[in-house]
Amino acid sequence: MNSLIDKYNIPGPRYTSYPTVPYWDESTFSPEKWKSSVIRSFNESNAQEGISIYIHLPFCEALCTFCACHKRITKQHSVEIPYLESVLKEWMLYLKLFNEKPKLKELHLGGGTPTFFSPENLKTLLQGIFDTVEIAEHPEFSFEGHPNNTTREHLQTLFDLGFRRASFGVQDYDLKVQKAINRIQPFENVKNVTEWAREIGYTSISHDLVYGLPHSNWESMALTIHKTLELKPDRLAYYSYAHVPWIKGVGQRGFDESDLPSGEEKRRLYEDGKKLLEELGYKEVGMDHFSLEDDELYKSMISGNIHRNFMGYSSSKTQLMIGLGMSSISDSWYAFAQNVKTVEEYQKIVEGGEIPVVKGHILNEEDLLIRRHILNLMCQLETTFEDKNAIPELENAFDMLSEMERDELVEIHDNQIKITEKGRAFTRNVSMVFDLRMMRNKPETRIFSMTI
């Protein structure tokens with residue numbers, strides 16, 4: 001396994017989209033084309049499956065130095081109401097594009113720290129959206145909560161509004177690791193919010209763990225996993241720490257490079273962590289995710305309905321996902337669009353009556369074909385090409401897959417590719433084989449985290 005790590009531990013995308021953001025072709029994109037793609041997707045899909053909404057709530061009271069998200073650090077809660085008013089105004093701009101009431105299937109509050117906002121302000125925001133939509137049958141409403149500031153009132157308010165899934169960022173319980181990433185978070189705080197959520201009636205509780213953080217080792221991660229299992233969350237994300245300190249705005253300088261575990265050490269953290277989680281009753285779902293067998297995420301994988309987008313893995317799919325808020329990314333299936341990345345500019349553009357997209361990508365026919373195959377690999381660990389000669393450059397992809405087959409990472413049967421159990425850890429590498437946009441425009445500087 002060590003030789004495979006040396007061979008395949010290279011920078012690569014996590015494939016929450018294809019094409020990935022660095023390879024968007026902005027020359028063919030315009031706000032008007034984006035609106036047209038939204039209208040097309042809405043008309044094709046709203047009646048049958050509904051739409052998804054992602055709301056980016058960017059404020060945090062303190063900077064976690066491992067975080068690569070777009071955020072704003074402040075302790076001034078006076079920012080809450082003006083920001084939420086802008087989010088509602090942005091939503092009203094999208095509503096003007098629709099010829100019927102949207103059917104809301106999925107809603108996710110991400111951050112930043114959504115629980116930075118008071119329960120009453122979150123209720124005002126959500127009620128403002130719910131008043132304009134039809135709620136789909138069996139909706140999936142979820143939010144990310146910080147265990148240090150999520151109150152029982154937060155949980156009850158969101159539950160009363162239809163939320164049934166909560167995700168709590170744990171990362172690592174080792175105090176030395178927590179100090180390095182500036183996120184001191186006692187186990188008792190996580191225990192409290194998890195137990196409150198269960199008492200209130202949440203049906204799916206998720207904990208996010210991150211391996212490969214500074215000072216992380218197997219002893220500390222094994223302790224973290226065992227303490228997590230005391231609370232038995234329904235889902236677990238077991239992420240590899242993405243070290244991308246060169247990206248503007250991230251806070252990944254709270255430690256030295258020498259404090260990070262090596263690629264070999266990280267692979268042990270993954271392999272041993274996965275083994276321990278499976279021994280404790282969890283099933284691996286897609287990439288980096290685990291769930292109990294009775295959770296909807298695992299059931300959706302078995303039924304073939306699991307989906308992956310900018311919100312991560314989901315047990316249901318919608319063709320149209322509208323991202324609201326500063327830096328949010330939207331997906332109409334035919335196009336992507338990202339909002340401006342500062343709070344001030346976001347609010348100014350929305351106040352001026354414009355949807356605040358700053359860049360995007362219109363997918364061509366080749367993009368749509370490759371997107372489907374990468375999505376299949378990320379969700380089902382297999383894909384089948386009707387005609388692998390349809391795009392000449394794919395011949396090179398199959399040549400590279402032959403080497404992966406010799407390394408027992410994939411199995412190839414005619415036009416079908418299956419990722420093996422051994423190859424699961426290298427799912428990003430298998431997907432990269434088909435990333436034609438990256439192959440044609442190899443970066444001169446590093447833009448992705450390592451795959452391992």
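Residues numbered from 1 in each chain as written. Predicted model: local features only at pLDDT ≥ 70, side-chain atom pairs only at ≥ 80, totals over all residues. Heavy atoms only, no water.

### Digging into the overall build of the protein
- In terms of helices and strands, the protein carries 15 helices and 19 strands.
- For the protein, the C-alpha radius of gyration of 21 Å lies close to 22 Å, the compact-globule estimate for 452 residues.
- The principal-axis extents of the C-alpha atoms in the protein amount to approximately 55 × 50 × 40 Å.
- The 452 residues of the protein split such that 59% are buried.
- Taking the intrachain contacts of the protein between residues at least 6 apart in sequence as the baseline, contacts between residues at least 24 apart amount to 74%.
- Total accessible area on the protein stands at roughly 18,700 Å², and carbon and sulfur atoms take up 48% of it. (Helix = DSSP H or I, 4+ residues; strand = E, 2+ residues; numbered from the N terminus. Rg over C-alpha atoms; globule rule 2.2 N^0.38 Å. Buried < 20%, exposed > 50% of the residue type's maximum accessible area, 1.4 Å probe, protein only. Contact = heavy atoms within 4.5 Å. Areas by Shrake-Rupley, 256 points an atom, 1.4 Å probe, with all protein chains shown as cover.)

### Description of the pairing of strand β7 (residues 204–211)
- Buried residues dominate β7, accounting for eight of its eight residues.
- Alternating residues of β7 divide into S204, S206, D208 and V210 and I205, H207, L209 and Y211, and every residue in both groups is buried.
- Across six bridges, strand β6 (residues 165–171) lies against β7 in parallel orientation. For S167, the partnering residue across the bridge sits in β7 and is S206.
- As defined by bridge partners, β7 adjoins strand β8 (residues 235–240) across six bridges and the pair is classed as parallel. Counterpart to S206 in the pairing with β8 is R235.
- Following the chain from β7 across helix α8 (residues 218–231) to the adjacent parallel β8, one finds a crossover that is right-handed. (Pairing = 2+ DSSP bridges. Right-handed = clockwise from strand over helix to strand, strands pointing away.)

### A few points about the side chain of D435
- By the secondary structure assignment, D435 is in the loop between α14 (427–432) and α15 (436–440).
- Salt bridges are absent for the buried D435, whose nearest opposite-charge side chain, R437, sits at 7.1 Å.
- Contacts of D435, omitting those with residues within four sequence positions, involve P13, Y15, Y18 and T20. (Lys, Arg positive; Asp, Glu negative; His and termini not counted. Salt bridge = Lys/Arg side-chain N within 4 Å of Asp/Glu carboxyl O.)

### Points about the domain arrangement of the protein
- Its domain assignment divides the protein into domain 1 (1–18 + 363–451) and domain 2 (20–360).
- Taken together, the contact pairs 33 residues of domain 1 with 37 residues of domain 2.
- Taking both sides of the interface into account, the surface hidden between domain 1 and domain 2 amounts to around 3,100 Å²; carbon and sulfur atoms contribute 56%.
- Summed over the shared surface of domain 1 and domain 2, the number is four salt bridges.
- Between R14 and D288 there is a salt bridge, with the nearest N and O atoms lying 3.9 Å from each other.
- Connecting domain 1 to domain 2 are 10 residue pairs in polar contact (both at pLDDT 80 or more).
- Mapped by element, the contributors of at least two residues to the side of domain 1 that touches domain 2 are α1 (2–8), α12 (365–380), α14 and α15.
- Ranked by residue count, the leading element in the side of domain 1 that touches domain 2 is α12, at seven residues.
- The residue inventory of the side of domain 1 that touches domain 2, partitioned by class, reads 15 nonpolar, eight polar and 10 charged. (Domains from an automatic or database assignment. Buried area = accessible area lost by both parts, 1.4 Å probe. Polar contact = N/O pair within 3.5 Å; in protein donor to acceptor, adjacent residues only side chain to side chain. Nonpolar A, V, L, I, M, F, W, Y, C, P; charged D, E, K, R; others polar.)

### So, the sheet that holds strand β18 (residues 410–413)
- The strand order across the open sheet built from three strands is β17-β19-β18, with neighbouring strands paired in antiparallel fashion. Strands with a single pairing partner mark the edges of an open sheet, and in this sheet they are β17 (382–384) and β18. Neighbour-to-neighbour, the strand axes of this sheet turn through a mean angle of 10°, independent of strand direction.
- As paired strands, β18 and strand β19 (residues 416–419) are joined by four bridges and run antiparallel to one another. Pairing of H413 across the sheet is with Q416, part of β19.
- In the packing of α12 onto the sheet, the strands contacted are β17 and β19, and the crossing angle to β17 comes to about 145°.
- Relative to the sheet, helix α13 (residues 394–406) contacts β18 and β19, its axis offset from that of β18 by approximately 125°. (Axes fitted to C-alpha atoms, helices over the stretch in contact; angles between N-to-C directions.)

### Some points on the UniProt feature "binding site: [4Fe-4S] cluster" (unreviewed entry) in the protein
- The UniProt feature table records "binding site: [4Fe-4S] cluster" (unreviewed entry) at C60, C64 and C67.
- Note on placement: C60 falls in strand β2 (residues 59–60).
- Beyond its immediate chain neighbours, meaning those up to four positions away, C60 contacts K71, R72, I73, T74, G112, T113 and F116.
- C67 gets classed as buried once you look at its relative accessible area, which sits at 16%. (UniProt positions renumbered as here; feature names shortened; annotations may be inferred.)

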